[in-house]
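For reference, the chains in residue letters:
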Amino acid sequence: MSIPSSIPILDSIASCREWRNKAFDEKKSVGFIPTMGALHAGHLSLVRRSLVENDLTVVSIFVNPAQFAPHEDLRAYPRALPQDLERLETQRVTIANVERTPSAVFVPAIPDMYPSGIDQDVARQKGAFVELTGYSHQMEGTSRPTFFRGVATVVTKLFNIVQPTSAYFGQKDIQQALLLRKMCRDLFFAYPTADQVHIVPTERDPVDGLALSSRNVYLSADERPFAVTLYRALQAAESVWVQGATKKECISAALAVVEQGTGQAASKGVAMELDYIEMSDSRTFEVLDDGEHQQSKLLGEDPVILSGAMWVGKTRLIDNIVIGDISSALLV
């Protein structure tokens, strides 16, 4: 790969395995951040966490066709490898007077990752795929029924290639991160083990709290001020939940914020449409009963995932808040 970078670029599975074998020989720990590129401050927070906790850190950049449905934005998904490499080059921490920077960037090609070929239509796909039965049809899986199949498949491939000591994911994609923990547990991954799949708090815009996302670049200048409506709705639901409200009352509080925000956006010519807001059990992802209330859930020490998705113009945004003892969901 001809793009100049001070960080070694591994553009084949063979070169990545050679790099990893050297790390094994040197008995060095390896932290891994799988990404689809278009890196932002949220990704970089994962990189810094890995730099602190591992001898070596590797980042993968691969836009995975298998997690896009036929009608979704695979071709339009932002790709900015030169800028991604520049951002990674600025990341550094000092541990015991030794400076650590990202050690490698793995940039595989689609034919390498899918030797049997890949089609966005699941019915036409051939080869080996990974599914987590019973856990991937709720929450985001309701709107994107093939998404987690694509995620689990590509992350399995990446884990088998990189064999990381630890892996790092952002809380913004909470269901994805917890599913990957379950996958590592159920399939007995040694690299990483389930307890070494770390979930890092969501990075937000310091002014309005919007969750950072690669898809935020799709928002127009007129749409951007209204993109935070979803997060404010989730905050409203959280506020009444911790006061002892029922799940139904929490969702009503959130919907009131959405209705107000949608009306304000419409007055400015901005279209917004709610996909969903729900409260789910963090272990099963099942939706809470309408009468469920804060005290009963916390007595059972089960965190609650308050999550949602909303369209702002043509951009679909997701967000979540985890309520309760997050350590029992292994979110550290």
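Residues numbered from 1 in each chain as written. Predicted model: local features only at pLDDT ≥ 70, side-chain atom pairs only at ≥ 80, totals over all residues. Heavy atoms only, no water.

- As named in an unreviewed UniProt entry, the protein is Pantoate--beta-alanine ligase, taken from Scleroderma citrinum Foug A.
- Taken directly from UniProt, the Sequence similarities (unreviewed entry) text for the protein runs: "Belongs to the pantothenate synthetase family." (UniProt positions renumbered as here; feature names shortened; annotations may be inferred.)

### Brief notes about the overall build of the protein
Turning to step 1, where the next piece is worked out: For the protein, the helix and strand inventory stands at 10 helices and 11 strands.
Turning to step 2, where the next piece is worked out: Here the protein has a C-alpha radius of gyration of 20 Å; the compact-globule value for 332 residues is 20 Å, and the two agree.
Turning to step 3, where the next piece is worked out: In terms of principal-axis extent, the alpha carbons of the protein reach across some 55 × 50 × 45 Å.
Turning to step 4, where the next piece is worked out: With 332 residues in all, the protein has 52% of them scored as buried.
Turning to step 5, where the next piece is worked out: The contacts of the protein with a sequence gap of at least 6 include a subset with a gap of at least 24, amounting to 75%.
Turning to step 6, where the next piece is worked out: Surface summary for the protein: the accessible area is close to 15,200 Å², and the carbon and sulfur share equals 52%. (Helix = DSSP H or I, 4+ residues; strand = E, 2+ residues; numbered from the N terminus. Rg over C-alpha atoms; globule rule 2.2 N^0.38 Å. Buried < 20%, exposed > 50% of the residue type's maximum accessible area, 1.4 Å probe, protein only. Contact = heavy atoms within 4.5 Å. Areas by Shrake-Rupley, 256 points an atom, 1.4 Å probe, with all protein chains shown as cover.)

### Observations concerning the sheet that holds strand E8 (residues 197-200)
Turning to step 1, where the next piece is worked out: In space, the six strands of this open sheet follow the order E1-E6-E3-E2-E7-E8, with parallel pairing throughout. Of all the strands in the sheet, the pair left with one neighbour each is strand E1 (9-10) and E8.
Turning to step 2, where the next piece is worked out: Direction of pairing for strand E3 (residues 56-61) relative to strand E6 (residues 104-106): parallel, over a ladder of three bridges. What sits directly across from Ser-60, in E6, is Phe-106.
Turning to step 3, where the next piece is worked out: Contacting E1, E3 and E6, helix H3 (residues 81-89) crosses the sheet at an angle of about 165° to E3. (Pairing = 2+ DSSP bridges. Axes fitted to C-alpha atoms, helices over the stretch in contact; angles between N-to-C directions.)

### Structural notes on the pattern of salt bridges
Turning to step 1, where the next piece is worked out: Inspection of the entire model under this criterion finds 17 salt bridges.
Turning to step 2, where the next piece is worked out: Note that Arg-92 is salt-bridged to Glu-99, the shortest N-O span being 3.0 Å.
Turning to step 3, where the next piece is worked out: On the accessibility criterion, Arg-92 (41% relative accessible area) is partly exposed.
Turning to step 4, where the next piece is worked out: Between Arg-316 and Asp-275 there is a salt bridge, and its shortest N-O distance comes to 3.0 Å. Of the two residues, Arg-316 sits in strand E11 (residues 315-323) while Asp-275 sits in strand E9 (residues 272-281), which places them 41 residues apart along the sequence. (Salt bridge = Lys/Arg side-chain N within 4 Å of Asp/Glu carboxyl O.)

### Observations concerning the domain arrangement of the protein
Turning to step 1, where the next piece is worked out: For the protein, the domain assignment lists domain 1 (9-200) and domain 2 (216-330).
Turning to step 2, where the next piece is worked out: The C-alpha-based centres of domain 1 and domain 2 are spaced at 26 Å.
Turning to step 3, where the next piece is worked out: Residue-level contacts link 21 residues of domain 1 with 19 residues of domain 2.
Turning to step 4, where the next piece is worked out: Surface buried jointly by domain 1 and domain 2 totals about 1,600 Å² across both partners, of which 54% is contributed by carbon and sulfur atoms.
Turning to step 5, where the next piece is worked out: Ranking the residues of domain 1 by area buried against domain 2 places Met-139, Glu-140 and Leu-178 at the top, with a combined share of 32%.
Turning to step 6, where the next piece is worked out: At the junction of domain 1 and domain 2, the tally comes to one salt bridge.
Turning to step 7, where the next piece is worked out: Arg-316 is the partner of Glu-140 in a salt bridge, and the nearest nitrogen-oxygen pair spans 2.8 Å.
Turning to step 8, where the next piece is worked out: Scanning the region where domain 1 abuts domain 2 turns up nine residue pairs in polar contact (both at pLDDT 80 or more).
Turning to step 9, where the next piece is worked out: Going through the elements one at a time, helix H5 (140-143) and helix H7 (174-186) are the ones with two or more residues in the side of domain 1 that touches domain 2.
Turning to step 10, where the next piece is worked out: Ranked by residues supplied to the side of domain 1 that touches domain 2, first place goes to H7 with six residues. (Domains from an automatic or database assignment. Buried area = accessible area lost by both parts, 1.4 Å probe. Polar contact = N/O pair within 3.5 Å; in protein donor to acceptor, adjacent residues only side chain to side chain.)

### Some thoughts on the nonpolar core
Turning to step 1, where the next piece is worked out: In this structure, Val-58, Phe-106, Val-155, Phe-159, Phe-169 and Met-183 are the most contacted members of the largest nonpolar core, which totals 44 residues.
Turning to step 2, where the next piece is worked out: When residues of this core are traced back to their parent elements, those giving at least two are helix H1 (13-25), strand E2 (30-35), E3, E6, helix H6 (147-162), strand E7 (166-170), H7 and E8.
Turning to step 3, where the next piece is worked out: Counting residues per element, this core draws most heavily on H6, which supplies 10 residues.
Turning to step 4, where the next piece is worked out: Taken together, domain 1 (9-200) and domain 2 (216-330) each give at least three residues to this core, which thus spans both.
Turning to step 5, where the next piece is worked out: Not counting the four nearest positions on each side in its chain, Phe-106 is found in contact with Leu-10, Ser-12, Ile-13, Cys-16, Val-58, Val-59, Ser-60, Ile-61, Leu-158, Ile-161 and Val-162. (Core = buried A, V, L, I, M, F, W, Y, C linked by side-chain atoms within 4.5 Å.)

### Looking at the packing of aromatic side chains
Turning to step 1, where the next piece is worked out: Inspection of every chain in the model, using the stated rule, returns seven aromatic pairs.
Turning to step 2, where the next piece is worked out: Ring geometry for Phe-68 against Tyr-77: centres 5.9 Å apart, planes inclined by 75°, an arrangement best described as edge-to-face.
Turning to step 3, where the next piece is worked out: Residue classification places Tyr-77 among the buried positions, given a relative accessible area of 7%.
Turning to step 4, where the next piece is worked out: Aromatic pair Tyr-114 and Phe-129: ring centres 6.5 Å apart, planes at 25°, arrangement stacked. Taken as a pair, Tyr-114 in the loop between helix H4 (110-113) and H5 and Phe-129 in the loop between H4 and H5 lie far apart in primary sequence, 15 residues in all. A single burial state applies to Tyr-114 and to Phe-129, both of which are buried. (Phe/Tyr/Trp six-rings, centres within 6.5 Å; stacked < 30°, edge-to-face > 60°.)

### Thoughts on the environment of Asp-55
Turning to step 1, where the next piece is worked out: By the secondary structure assignment, Asp-55 is in the loop between helix H2 (41-53) and E3.
Turning to step 2, where the next piece is worked out: On the basis of relative accessible area, Asp-55 is assigned to the partly exposed category, the value being 36%.
Turning to step 3, where the next piece is worked out: Through-space distance from the C-alpha of Asp-55 to that of Pro-70 is 40 Å; in sequence the pair is 15 residues apart.
Turning to step 4, where the next piece is worked out: Discounting chain neighbours no more than four positions away, the residues touching Asp-55 are Lys-27, Lys-28, Ser-29 and Arg-100.
Turning to step 5, where the next piece is worked out: Engagement of the side chain of Asp-55 in a polar contact is seen with the backbone nitrogen of Ser-29, the distance being 2.9 Å.

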